[in-house]
Amino acid sequence: MALISLQEISLAFGGPLLFDKVSLNLESGQRVALLGRNGAGKTTLMKVMSGQIGVDEGEVTVQKGIKINHLPQEVPQDIQGTVFDVVFAGLGERAQLLSDYHHVTHELHARETPALMKELSRLQEELDHTDGWDLNNEVEYVLSQMKLDGESLFEMLSSGQKRRALLARALVVKPEVLLLDEPTNHLDIDTINWLEAFMKDYPGTLFFVTHDRMFMQHLATRIIELDRGKIFSWACDYQTFLKQKQATLDIEEAQRSHFNKKLAEEEIWIRKGVKARRVRNEGRVKVLERLREEKRAQRDQIGKVRLQAQEAEISGRQVIRAEHLGFSYGNRCIIRDFSVRIMRGDKIGVIGANGSGKTTLLRILTGGLPAEKGTIKIGTNLQIAYYDQLREQLDYEKTVIQNVTQGGGETVMINGKPRHVIGYLQDFLFTPERVQTPIQVLSGGERNRLLLARLFTKPSNFLIMDEPTNDLDLETQELLEEILMEYSGTLVLVSHDRAFLNNVVTSTIVFEGNGNVYSYPGGYDDWLAQRAPETLPGKKQAADGNPAVPSVLSPEACKLSFKEQKELEKLPQKIEALEAEQEEVARILEDVELYQKNPKKVEIAQARISSLVDELLQAYERWEYLENKSDGYI
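What you see is a predicted model; the values in this text were computed from it and never measured.

> I'd like to hear about the sheet that holds strand β14 (residues 384-387), residue by residue, with values.
Ordered by their spatial adjacency, six strands build an open sheet running β14-β17-β18-β12-β19-β20, and the pairing between neighbours is mixed. Of all strands in the sheet, those with a lone pairing partner are β14 and β20 (517-521), marking the two edges. Strand-to-strand, the axes of this sheet are offset by a mean angle of 15 degrees, without reference to chain direction. Here strand β12 (residues 347-351) runs beside strand β18 (residues 490-494); their pairing, made up of four bridges, is parallel. Bridge pairing in β18 places Lys-347 opposite Leu-491. Strands in contact with helix α17 (residues 524-531) are β12, β19 (507-511) and β20; relative to β20, the strand with the most contacts, it is inclined by about 115 degrees.

> Break down the nonpolar core for me, with residues and values.
Core analysis: the biggest nonpolar cluster contains 49 residues, and Leu-167 and Leu-178 have the highest contact counts within it. Ranked by residues supplied to this core, first place goes to helix α6 (residues 159-171) with six residues. Aside from chain neighbours lying at most four places away, what touches Leu-178 is Asn-69, Leu-167, Ala-170, Leu-171, Met-199, Tyr-202, Thr-205, Leu-206 and Phe-207. Ranked by size, the runner-up nonpolar core spans 41 residues in total, among them Ile-401, Ala-453, Tyr-520 and Trp-527.

> Outline the pairing of strand β10 (residues 318-329), listing residues and values.
Of all twelve residues in β10, nine are buried; the element is thus mostly enclosed. By the bridge criterion, eight bridges tie β10 to strand β11 (residues 332-343) in an arrangement that is antiparallel. Pairing of Gln-318 across the sheet is with Met-343, part of β11. Linking β10 to β11, which pair antiparallel, is a turn of two residues; within it Gly-330 sits at a positive phi near 65 degrees. With five bridges joining them, β10 and strand β13 (residues 373-378) adopt antiparallel strand pairing. Along β13, the bridge assignment pairs Gly-326 with Lys-373.

Thresholds applied
Residues numbered from 1 in each chain as written. Predicted model: local features only at pLDDT ≥ 70, side-chain atom pairs only at ≥ 80, totals over all residues. Heavy atoms only, no water. Pairing = 2+ DSSP bridges. Helix = DSSP H or I, 4+ residues; strand = E, 2+ residues; numbered from the N terminus. Axes fitted to C-alpha atoms, helices over the stretch in contact; angles between N-to-C directions. Contact = heavy atoms within 4.5 Å. Core = buried A, V, L, I, M, F, W, Y, C linked by side-chain atoms within 4.5 Å. Buried < 20%, exposed > 50% of the residue type's maximum accessible area, 1.4 Å probe, protein only.

Next comes the structure, spelled out in structure tokens:
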């Protein structure tokens, strides 16, 4: 018998059906991943399964006596007290019995009455019956398993630690079914790895929503997708699911195409063929009516986000050079003697535990926070776009459209051309009605898409992204990956998404504890291969025996002559002028009629565009040479 059974359930909240006669059986021992686009109804389905929300139609059956616990995506704001108290409260009625017992015992010390004695006896019997005397030890055991300090105040914990405490509260009752909504959100990589291992050994049944592809690949034994009100199930891992899902979409597209062709043929027949014969084929008319009804009932696949990063003019070859950085918060060392050189086009991932100092390093490198030790040199012609994980750039009192236009107006400039803001926001899946919504009512995924929409209205050649994949659905994540891989500027990316790091970055900066920050070539998996077991905190060697931070800085910089310094200052303007001329000559050559009217002018233009390519190449090489010489690399 299934632990939880949904039979033909339907549910809507004033719009299209979230669930359209959905059926699902959750069996003992399964580890099920639930997929779906933002807004598809994944969280609502969990609330239905846990009994928090009823359905409009259908039946929800839960096996008698089983315990179900639901870990929500958002951390409740009203939880206070010690971590021990928060976890203890998860024991529910048993916790209340023990609390009442201690209260009555205290009252008896003050005054002994028959009523209190009777109540004490009743509570003792209940505690004997429910094994309630050992609750404190049960809580302590779970806290030790979750590596939590029971005396810490819950409200003082980081987001990741709060989620870990809430997970401990869900686990302490030993539920047969555990419903997890985005369990890896705001967790650092070490905690995600720990959670994976813990969940693999969990004896109960897991049903979880996640956008972490590696977490899903390592954990799920079954994948369910919620798509346009229907549920589709695959008994396979994530990679197999992707192949089968694409095949299903291809079949659906072919069937849709055939259906539309058939409908078009019948519409032509009903308008023209009937007039010619003056006798209606009633069977065929009924077929047409059925086709029209099916067409009305069809729900198109949710649109795809269309992302495009606007790129500014090229930056200097060297973007940032930092030497021997040091920074502390009080007695706690965050960064100890760290040096790095970031060059144009680098794609760098930043990895570290929550609270290790990743965002602090970003602020130091970009001049937002002064380092206590060391020096930083910022490159020339930088246009920085910054994506912050806390979404502090968004004004929660304003609407979606007001946050993008930043001061009113109906258009935004995209690649030098005005575009109506409503059309632009539709690329990020915001309907014309939704753009007038205050962002404080948006979901986490919608807020992240809005922040991306705002970010990409600005041209940039240096992109800094702090946890951009939180709350984004898988399809949008993959599209963002493609955009960042094709981005020709410089990227610094803080992320706990291991697959995202593997696919995007070419090197990593890693916080390894006690203020030790090292650089490694490659992505997340490359870092794992290099750090273990040689690279431990306090050890400055990478796996190949070379310094973890490459020694690229010479002790003394070669000074430029006065003439060279002036030349370096003028080169960006020279390059800009050459590129503008190149665009103008290219426009001339696009005129087809010119080839017949004035072939001589075409010949001159072709020769000039060839010359411009050589001049630009020489200018870039000279710019790079002078910058390197100035920085002591020659």
